[in-house]
Structure formats: C-alpha cells, structure tokens
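Topology and contacts: notes
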Amino acid sequence: MTMSEPKIVKIEYLDSSPVISASAMGGLNIPMSKSSQVDCLPTVCVWLIGFLQVKISAENVFSTSVSSAKTAKSASFIINVLPSDAASSVLGFVSTTGSPTSQSCSTSCCTMQSCLQDCGPGFVCFSMSYYDDVQPTVELLTIAQGPDVGGDFVNVVVHRYPTINSANQLSVTFTDSSGQVLAFGTVFLLYSNDQETKLSIKTPAVNLNGQPSSVFDVSILGPVDLTFQYTYLATSPMIVSGSVIPSQGKSSGGVLVYLQIMYFPFPSQVSVSFAGNLLDTAVTVDASSTALTTILSFVTPETQPGSVLVTVFPSTCPLPCVDAVTFDFVQVSVAQVALLPPVPVSCPTKASLLPPVSLANFPSGYDVSSMVVALLDATGARIALSVDSIQRFQGANVQISINLAPSLSPGQYIVELQFPPVSAVVLTFSIVLYDPTSVRSLGVDPVAVPTSFALWGRSVPFNMVLSVLCANCPQGLKTTDVAAMYDGSMVELLSIRDVATCPPSGTDCNRTSFKVQVSSGVTAGNKTLLFTSNLVKFNLPTQIASLESCDWDSYCSSFSLTSNALMLLDQPSSGLTCSLQFCIAPHNIPDLSILSASPSSGPEAGGTSVKIQLQNLNAIDTSDIIVTCNNQFITVSNFDYNNKIVYISTPPYDGSSRSVLITLKSTGGAVRSASFTFTYVGSGPLTVLAVSLKEVARSMDVDVLDFGVMTAANSIVSSTADSTVAALKVSPFQNQQWTLGYMQVKVFDSSRPGQNEASFRILVVEDPIPTITAMSPTEMDCTVVNSFVLGIKNLPPWARSSDFSVEVGGNAMVINQLQVIGAVATMTLGLNPIPSCKIGPQVLSILSLTDGRMSMNATVTFKAPTSAKLLLFQPSTFYLGQSRDVQIYLENFPSATCVDCVQEAYRSMFVCNGQNGTLKSVQFSQGKAVIVGSIPLFRLPGVISCSLSSPTESVPFQVSLSPPGVTVAPIDGAQSGGSQITIVAVGFDSTRDLTVTVGGSIAEIVSADITWYQQVFPAVRVVAVAPPASAVGTVPCSISSSLALSSQTFSFQYFQPPVVDWARPNVATVSGKTNSADGRSAKFKLSNFPPLSGPEDLLVLFDGIECMGISCFVSDFQTASDQYVVTVRVPPRPSGDKVVSFAYRNVAQSSTIRSARVASIPFQFVKPAPLISSILWCAVCNPGDSCMSYRRCGDASSPRVSEADSNGNGVLILVVEHQEFGASSSASASLNNVAYLQFQRVAFAAPDGSRLELEFKIPQLSMSGLFSGQLTLNHLGLTVNIPFQVNLFNSQILISCFDDQYAICAGSFLQPKPVQVRLSNFPFSQGGLSFIDSVAVTFGYLQVRNLRRHPYGVGADPCLQATSSRLVRFNTTEVVLEIQPPTCSNCLFANGKSSVDLSVALRADSSIKATTTYTYWKAPDILSSSFGSQGISISVLFDQVFLSPCLCCL
C-alpha cells in the first residue's frame, strides 16, 4: 500500500464516551469532504503498520503522565481527522510516551518500520483512507460481460446520485474503443433515494466484426454523467445440452420435438433439415424466446430407421450457414420389436412370475411358445425361462408374463428375449433378484457425491446429506443404536425414520430411512456407505459413486453466465457432466434478504452479538460478506453457512442517530445487499438530544413539535427504553409577549423534581412583519358578488378581524373570518358587486388599526364577464337499460357573475329531445362547474340532442343511445347448415321487413316475435336457419329492418361435426374388463370437438347411461392439435352391441349456449366362458374366512403357483373368472382317474361374477407329477365343467447312505472311500442345468460364534466341500449320487471318531436340502501302557473301542 504525505491530526484525551468509535483503524474509511473523529478504546487497539497488524494494550497506549485517564473506566483518546482535497491514504503515528528523541522523526518511519530507531519508544503507526463522498460512484452488482447478441442485464448501484423519479430521465450508450456510439441500452429504474440509485441496464446487440471479445464504454447520461466498462463476448448458436425432447421417435414420423438454442439469430424464421430434406411443415418458435435463448418445436417426417442428422438454421441463411446447429435424432422402426417402459428392474426370489414386460410392435399371430427367454447370471450361465401368458393392448403392443425359475439366488441377472424365426432382434434388460426377507438397501439419494467442489476459483468445503432407504431393517431404531461409516471413516448419522411398518402377518414391507452427512475430500471411485448395529445385529451396505465435479466457473463463463451458487452450495453436483441448470445470468441472482436480526437493540458501549438470519446468501466464507454500520466496516465474528446465519458484534455508539442502518453485502457471483435497523439504548443522566425550535418571535407561541429527552416531559408523544419524544406549546404570559433574548426551558422528571433534570435555550426575537403568501382567486368578475381567501404568514396569534380594514381598488371589503394557527393565518374576504368597476389589476390593502407594522398589500385583477363554455361531457354513448348519468364540465356556468353558483346551477334546465332530464349533483372545482345529470328514458336507440340552460347561458351537446349486444343461441352450428338460431336484438319495435344474414348469406326466418328488454325496451326474438358455409370458422352476421335506424351485428361459428375415429379396444366383458394394459379401460380418439380443457368438458355415455362414479370415469386425457385421446374406465353392462357417446359439456363457458356436439362409436360387451386363471397352494393358512390374506399364506410366504403337496398338506385355491356363484350354487373338483378334492369353502365371490376363489383339500396320494383335473360348478341349474392342470410334489425328502461295509456313512479321515447316497422326493427343475451342477454337497457345518468344540468332537473347520460327485441314477422319485468325501486332517476327534453333517442342497435355494451324519475314523492312539504287578504282562490303554481283540507282538 502506498501512502501519501501525512495530514496533521490532533490528539485529545477524553474521560467520557467517544463520538465515533472504530476497533480497526487500519480498515477505516474517512469521508474527504468533512472532518471526522476516530477514537481508540482502552481495551484493545489494532494499528496497521505496513501489512503487519500489531495489538497494543491499554497500558501501552497511555503514558504514565495521564494516569487519571488510565484509571477511568471509559477512558479513550480521539484522533480528529481534517478534510482532504482528494481521495488518498493517510499515514500517521501516535506517541504514547511523549516527544520524539530525534528531530528527524517523521511518519516515513512507518513505511520503513524504523520508528523505534528514528523516534524512540512508544510511537505507534496508523493508516486511514479518504474516500470521495461527494461525486457519484458506480458499483457493479453483476459481472460486466455478456454475449454479443445482447439481452444481458447489468445491475448497478450509483452512490450519491441525484434522486430521480423515472428511467425516462436517463439514457445509456454503448461506445466501442474508437469512440463511436454503436448502440443504446435499455435502462430500468429499480429505486432512487438520497443515498443511492439502483438501475438495471439491458444490453443491446453489437457486431464484434470477428473479434472474440471487445470492451465497450457504457455511459449513463442524466443529471450526472457516469461511465463504466462492459466486455462483449463473441457467441455462436449452440443447442442447450439435454434440451432435445424427445431424442428419438417412430420412423413413421409425427413426433413433436422441442429444443432450445442459445444465441440463435432472433427474431428470425427458422428452417429444419431432417435427414437431408427440408421439412414441409411449419417450425414453431415459442413466444417466450429471446436473443439469448430460442425455444422451437417441429414434427418429424417419415424416414428410414436409424440415426439421422437434423440441422436447424435461419431461413434467410442458406446451408451451409454459420448460424446453423445440428443434432442427431434416432428414428425407431415401427416394425421392430422393442421394450416399452416401464421395464422391470427388480423381483423377489420367491416370486413365481417376473413383473410384466411390455413390448412394442409384437408380430401379429406370433406363437409365444416359440419365444426364447433366458436368465443370465453373473458368470454368464443361462437359465431357461418360459412365457406364462400374453395380453395384447393398443394394436401391436403386448404385455407378457414370464415364469421365474424357482430357487434362484439373489443377485444381478440379465433377461434375454428372442423371437425366432420371425425376428433376429435380441432384447435384454437387467433385473435384480432379491431375498424379500433380507435387510437390503432400496436406494440412495443422491447416487453420487463430488470428490471436491470449486466456486469462484476457490475450493469449497461442503457437507452433503445422503438419504438411504432400507427394506426390512429393524423398527424403532435410534441414532445411538446405529453406526455409519463412509469410505471406512465414521460419519454423522442425522436421523432414522420408520416410513412404513408391516402388519403382523406382512413380509417385505418394513421401510426405514437413514440420513447421514458426508464431507468433501474423498477420492474418486465407488465408495461404501455402511450402517451397522451391534445392538440389533444388522449390516446395511450401500454403494455410492464419488466423482470429480464439473469446472462450473469455466463452463458457465463460456455461456456468458455465472455459477448458480445458491444451487451448487446447497447441493453440490457430482460428475464431470456440466448442466446449464447450475448456471445463471448475473442479473437473475435473487436479492439478498434479511429474515430476522436479533437482538435489534443494545447498549451504547457496543459489543452486542447480533444473529442475522439470511435468505439467498451467495457466500462461501466471511471473505464474501461485507458488513457496514454508518459506512464503518464491521467484522463478521461467525458464519454458519448451512443455516445461512451471520453473527456480528456491534461497534460503540458514534454519537449520531441512535437508530443506525447496518448493511450486509454478499459479493459472490454478484453483489447483493440488505439492511436492518439497530437501536442503541442509552443510560445515564437526563439529556436533551434535539429540539425542533431554536428561536421564536416575541409574540408567538413556543411550539416545540418534538424534542428528545431521556425521561418523561410535559406532553408525551412517544417513549422508548432510552428516549422520549415530547411536545411543548406555551403562549406568551408577560404582556402577551416574550422577553427578547435567550429563554431557558427546563425539562425534568416530574417524579424526581430537582434530582434529574436538563435544560435547553430558545432565542426570543422581534416579531417578523406579516406578509400575504397566498390568495385565491387572483382574478374575479367585479360585477358580481365575490368571495376569496388570503393566506398570511407571521400574523400574531392575538390578532382579531376587528383589528383590520380591507379595501380593493378603493372599494371596501368585508372580513368574514380570521383564523390564526401557529405562524399561518387564514382571512376570508367578501366583495359586493361593483357595477362600473375598472377592468385590470387592483391594489388590495389590509390596514392594521392597532399596529402599522401589520399592514400589507396584494394585487387582484378585475376581469370582464364571459359566456359559458362546454369543456367536456362523458360518456358520449349510452346503452339502453344501463346508467343514464352524464358528467358535464363547464366554465362560466350558470354565469360568469354568479354569487351562489351551486344553487343557481341547480335551477338550470336539463332537456333532451324535448324531455326534461334530472340534475343529480353540482360541484365547483377551480372555478369550473362539474354537473351530473340523468338523461330522460328513451326506448329506442339513436342520437339524442340535449342542452343545459340557465337564465343567462345555454350549452347544447349530443349523446348516442346504443342497444346492448345481440344475443345468439346457439353460437355455433354444423358447416352443412340447417342449425336453428334464436336471435334477440333490442331496439326493434316491429317484426316487419326483418332481414338476417349469416356469413354474407340470407338466412331463412322461421319466426319473429316482439319481446321486451328489461320490460321497457322493445326487442325482437327471431328464429332463423343457418345456411351452409364454404368453410369452418367464425363468420359475421347481421339483423336489420327498414324501419330501424341501423342494423346490428353478431358472430356465428361453423364447425365440422365431431367424430370418434376409433376405440381401442372396442370389446369388453360384461364386467367391464378389457385387454388394455390395466385390464379395465379403453381409449377413444376424438376429432372436430371444440377446445377441451380437460375431461370435465366431456360427457361420456355407455349405452345411453352417463359415465360417473368409481366404475366409469375418464382416467387419462391427452391432446394433440385439435384431436384428443381419452382413456375411459369401462363400466359393467349387459352383453350385446352398444354405443359409446361423447358430448361436449361446455363447463368453462356455461353462460354460452352451443350446439350439441355429440359423437358415437359402436362398442361390444361380451360374456366370456368361465376359466381358471390361476391355481395357488398354501402350506399354512391364515385364520379367518380365507386361507390367503393380502396374497400371503399363513406363514407370510407367497402361495405356490400351479403346484401342490401330494402328502395332503395345505389348501389348494382355484381362481375362476367370469362365473357367478350364489348361496345355492355348488362346486366339486377331481384329479382325473386319481382322486376327488374335498371342497372347503368360497374364499371370495365378486358380486358381478368377475372373480371367484374356491378352496379345496387334496387327499394324501402316493404319486407325484403333472395331473389333469376338472372343476364342476352348478349355478341356477346350469352346470359348467372347467379343466385345469396341477403339478403334485412330495414334500418329504429322504437321504441315506448304502452299499458300504457297515451300512452307515463313514470313512477314513485321511483317505476316505467314495460313498453312495440315495435321495427320495428331492425337488429338481432342469432349468438348463444338470443335477450335479444344480446341487451343492457339503461335509461339516458353519461354526457358531465362540463355540470352540462340538460336544461330539466335530471339527472347527467351516463347511468342507465334497471333492467330487457323480450321478449314479436319476428318476422322478429317486436320485443316487456317488460322493467322494474330502480328507479331514484338522478335525477334532473323540474316541477315534469325528462326526459331521453330510448335506445335499439346491444351489438356487439352500433351504431345500437333505442332511445325514458322516463319521470320520482314525487309527487308535495309545494313551498309556504299564507292566502288570507280576511283570509278566503289559496293560495298554487305547483312545477307542475295538470290535475285535488287538494282538501285539513284542
């Protein structure tokens, strides 16, 4: 920082509170136009020495010679800073010890940091900056750069600018570097006051002549001319990323495409080249388009399938064009089979069917059994699936149900669909199979977090809140029960909330939401967010991507925009992909606002901590926030960005207004500011702060309108904690005059007189000379009675009308009234007529009869009499049946010499066409008469001549009477003609010679009658027939008569009769079921209807019955141009051919009568044959009236589909559609040639016969496999036989070892021999895998935590895998495997053996398994040996029992 020569300052030591305080003089700005005082408090002072800040304590500041100042509690010293001629920096020092030790001591030592050597100890340097507080200055609130196409907004604040009332007082020019004015900007005035003026300037378009950028001078021309610089950046048209919607469509065309283009020539006509061909359809430019962004749409044509190039360019710029933009659009073949959304993404492993898959363009007549459906696991292994059912909807679109292979493991799979031999298309999609009972993550929001984040060239630390939704997590968890880790580090768990809870018998319906907060600084890659709990034993891992973030500063700057900090700081975007949604034009950055500031008052000493709650804060840290109080900077003590809270500490009271304005400015991206008021609360003795009256004339009242005191006074206006506003008014009490000189006024607390009081002085001066300040009127007709008013200043309050005589031009005047209020008096005068008065200026003299000083003169002009003049009358046109009041503005009416003009005007005659009207009111304003009259009642339209006459004046004028508009019902009809129109026209009193034209053609009149409008005005009601029209649309019409004054016009609209183009499907069951996607609706395409705003404008009828209620309603409403596609839920109806009708309801314009718009289409209702839609089996039933509850069995599992246990367990449910069943109905079922099923009950019967659920018990059977059966139903004497098939399985799985020496499962622990195992009733579905590949054989068990040894000596190794397996024999009831056991060298043995579990389980579902015991043997070990007592034998103790004696040889 460079410093100018020092200014002379004066140092004073004070023992009272300072006038102005500053805690940091180094950052203090001083106004250059006036003296300023800066004090340093004794607690701590901060001085600036070069760029080094040094703290000086109070003991160092005060010398020993001013000990009284040291001990004073409020001691401080003040620096009186003188004005400056220019804005500059001030360098100085303060001596705390006395005089310098050397005469060469100067402030230059502050620059060299050599004051100790040059001046001695105790010299402290300081610096302050003068700022220009006189000339207006421009502060830019937005970035001063933008595109060359213009349309950018630059917001500026001009400080100390003269107050303006309108933007019309300003103009803005843009001048290039050569000094040539190239364009004018548009300026908008946001506000203007005595402190600052805020403007918004819209930039014009300029030509940069090929330069990438150019700097322009922007001049604000007005009361004071100001200039700043703006940089234009060259731009080229570009398509906004992601704005092409949709990006693909049918190759047959007809798809409406929208897109946004930045910097496209605007306004201009637009052409589109699609696959090399110009579109012959119109390109629509949206009305919201600007020079910055153009929004347009077009309809795609028919082309070959594939990706095509689309080029958009101005029609005036032939290709190749520099302003053209291109993008790719994918034309999808309408003949190619394709997946339709929604595509299934997940499915529980225990489901029998995948979620429905929707396909477009499915081949007609294709046999779905030819489809190849496979499931591919993570290893690429294929699992064959089959199609369960297919349902066609919307033409070539179908929905298929795919059987899911049982016992699949949870995980990620690929579903593959092929359609041989008709199509080579292979469709694939991913699906996740999950265990519906397991704890699992359903999703995380957001799915990725940024590794780092930069804004305004700085790295921004941030915290992001992640939400994870968990399925089947324990309910009722608290944050103290769960730990959260992100990328191996603990993170803060904000909340846990149970969003859904299962009913007692429910499964997979508990849902829990976890919220955690993670911080920036994590490396890129896939990270794991892990929730764990030792309390309830669960783990919940979730994968989250950590990605590098976009360089928002560079990206947004390339579009002449800035980063949208409010969005990015609240939710940082992850990923390198940039999006314009996070960029914003600087002028669109919202204003900063203060929601609250607390507290709003505090003590004079300062130091009050104020909490400021903000909104729309563009700031990263405190460096982006500037706080000032009366132009003094305040340091931000704390900043809580997450809650948008700023904390400041108030400075000491500066001695000016107790209510100060504290302003916050955020400088990030653009400057935004907001202010609030803080009030200093005082203390101490009673003090008069201000008095509104400084002096008073000796004859005048002392009228102090408001003065501030610390406590109560004579008359209280308002009072707060630290100040009181009082009013004081006292009249002179000595000879009706005050004594000249100073008069002392004492103010005191009436409750403590003499204890706490203050005083102020008022100077009493001589009375001023009275003067006439106002007179009305200033000219008059002297031949009539006149009355006017004078305004007189400085007339004594004791003056009376009897103290004066008044004359004008030598003619006496009468003082009617004299009223003195304060320093202003009002005198009302009267002047009688002067028959031969002199025309021209006359002297009006007021003579005082008591004091010659109070005499005064004025001038009034006598003028000649003038005639009345009509200035204006309104309205000039009236409608029959409406108000007939007319306002008439006149001059010199009822005469130029009227005395009581109002009464004379009321006596005037108001006549129209020879009939008397009524005068309703008379007013006079500035000598002009305003008369309201009511014209007489006339029954027919026409021109009416009126006059307003006084005895001396008459003013004529004319008004027009018009009939009300013609009413027409209906207002429209078919183009073919023939519609009968009823026309009512007011103003016709005869039906003779009537003519009606519609669209220029004469309409046939069917009837004509006389009627009355408002029972007063004659009218005709005509029924006419509309003739045919050549085209649809609105046509002009008229009704006229040779007897009427003129014809009257109206409009009529021709339309094409509406039609229903198609119904899809056009067949439904009697219960209302269709083959649509939802199974209960049909779509109808409507054309030629009036504009429909929604389904409320339609009346739908099935077979003449209105569609209403829950059984029939419009479920979807789509519009395209003048066509509509309506989806209607089909109601139940009797079988047969019916009609569906659509009628225009006209809800939006209920007062307008239209022709009936009705269109119909045939629709068929059929009664289908009964069928069994599904066969379900539950092993365990729920209590109650049905075995299943919410499609769950009694053990909360889903029912098995098309299979049942042959052991007689559980209940078989047959679901029948299209069959009624009543109390007298009967049901029976049998398995052909095997057994009869026992009928249990009716679980459900729909009243309309749409669905029937019957429960049966299967007897115990000795066989398994696929069996055919028959359901027999009898209802109302009619018998129906329905076939079905069910797969019976044996649930009793047996396992045994055979063909070994001991008929048990056993072998050596070192070299065990193969063992054969027999499995009975083991369920197995080929699914493309061999039996060996589909099962897992294990020896052993998974060790239980903390279990060191099995009671029977089982080894501690977890789950040994079989070395090899071989299939010996396989049929539907028995499987024989030859298994090679593994060695068990680490097994723990007891008595020579170690027993483990031998298990055979399905790989897809480990719950299906068979287990037996396998024993490992090892050679005996000698535990001990000893000689017998006689020494002739040896006793040997082994660790196991032998089956035969052991022969030992020594």
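Keep in mind that what you see is a predicted model, and the values were worked out from it rather than measured.

Focus: the overall build of the protein
Regarding its fold elements, the protein presents eight helices and 117 strands. Residue pairs at least 24 apart in sequence account for 62% of intrachain contacts in the protein once pairs closer than 6 positions are excluded. Taken as a whole, the protein presents about 72900 Å² of accessible surface, with 52% of it coming from carbon and sulfur.

Comments concerning the environment of Arg-1251
Note on placement: Arg-1251 falls in strand β104 (residues 1251-1257). Along the backbone, Arg-1251 and Ser-1071 are 180 residues apart, and their C-alpha atoms lie at a distance of 9.8 Å. Polar side-chain contacts of Arg-1251 include one of 3.1 Å to the side chain of Glu-1253.

Description of the pattern of salt bridges
Scanning all chains against the criterion turns up 21 salt bridges. Across the pair Asp-972 and Arg-1157 runs a salt bridge, and its minimum N-O distance is 2.8 Å. Of this pair, Asp-972 sits in strand β81 (residues 972-974) while Arg-1157 sits in the loop between β96 (1136-1144) and β97 (1158-1166), placing them 185 residues apart in sequence. Per residue, the accessibility class of Asp-972 equals that of Arg-1157, and both read buried. For Glu-1203, the salt bridge goes to Arg-1200, with nearest N and O atoms at 2.7 Å. Under the relative-accessibility criterion, Glu-1203 is labelled buried at 19%. Look at Arg-1200 and you get partly exposed, because its relative accessible area is 37%. Linked by salt bridges that have partners in common, Lys-198, Asp-591 and Arg-672 make up one network.

Digging into unusual backbone geometry
Looking along the chain, the bond that leaves Leu-319 and enters Pro-320 is cis, with omega of -5°. If you trace the backbone, Pro-320 turns up in the loop between β24 (306-314) and β25 (325-332). With omega at 0°, the peptide bond leading from Gln-874 into Pro-875 counts as cis. With respect to the secondary-structure elements, Pro-875 resides in the loop between β71 (869-874) and β72 (877-879). Phi angles above zero are rare outside glycine, and Asn-616 is one such case at about 60°. Along the chain, the position of Asn-616 falls in the loop between β49 (609-615) and β50 (625-629). Although it is not a glycine, Asn-892 sits at a positive phi angle of roughly 60°. Relative to the assigned elements, Asn-892 resides in the loop between β73 (885-891) and α7 (901-906).

A few points about the state of the cysteines
Scanning the entire structure with this criterion turns up twelve disulfides. There is a disulfide in this structure between Cys-470 and Cys-473, and the S-S distance comes to 1.9 Å. As the torsion about the S-S bond is roughly 90°, the Cys-470-Cys-473 disulfide counts as right-handed. Take Cys-470 and Cys-473: they sit in the same class, and that class is buried.

Details of the sheet that holds strand β22 (residues 284-285)
Pairing is antiparallel across the open sheet formed by four strands, whose spatial order is β17-β19-β23-β22. Of all the strands in the sheet, just β17 (238-239) and β22 have a single pairing partner and so form its edges. Sheet topology note: the β17/strand β19 (residues 256-262) ladder contains two bridges and is antiparallel. From the neighbouring strand, Ile-239 faces β19, where its bridge partner is Ile-261.

Description of the nonpolar core
Ranked by size, the top nonpolar core spans 68 residues in total, and within it Phe-514 and Phe-531 carry the most contacts. When near neighbours in sequence (up to four residues on either side) are disregarded, Phe-531 contacts Val-468, Val-482, Ala-483, Ala-484, Leu-493, Phe-514, Val-516, Phe-538, Asn-539 and Leu-540. Val-368, Leu-385, Leu-408 and Val-425 belong to the second-largest nonpolar core, a separate cluster that totals 29 residues.

Thresholds applied
- Residues numbered from 1 in each chain as written.
- Predicted model: local features only at pLDDT ≥ 70, side-chain atom pairs only at ≥ 80, totals over all residues.
- Heavy atoms only, no water.
- Helix = DSSP H or I, 4+ residues; strand = E, 2+ residues; numbered from the N terminus.
- Contact = heavy atoms within 4.5 Å.
- Areas by Shrake-Rupley, 256 points an atom, 1.4 Å probe, with all protein chains shown as cover.
- Polar contact = N/O pair within 3.5 Å; in protein donor to acceptor, adjacent residues only side chain to side chain.
- Salt bridge = Lys/Arg side-chain N within 4 Å of Asp/Glu carboxyl O.
- Buried < 20%, exposed > 50% of the residue type's maximum accessible area, 1.4 Å probe, protein only.
- Disulfide = S-S within 2.5 Å.
- Pairing = 2+ DSSP bridges.
- Core = buried A, V, L, I, M, F, W, Y, C linked by side-chain atoms within 4.5 Å.

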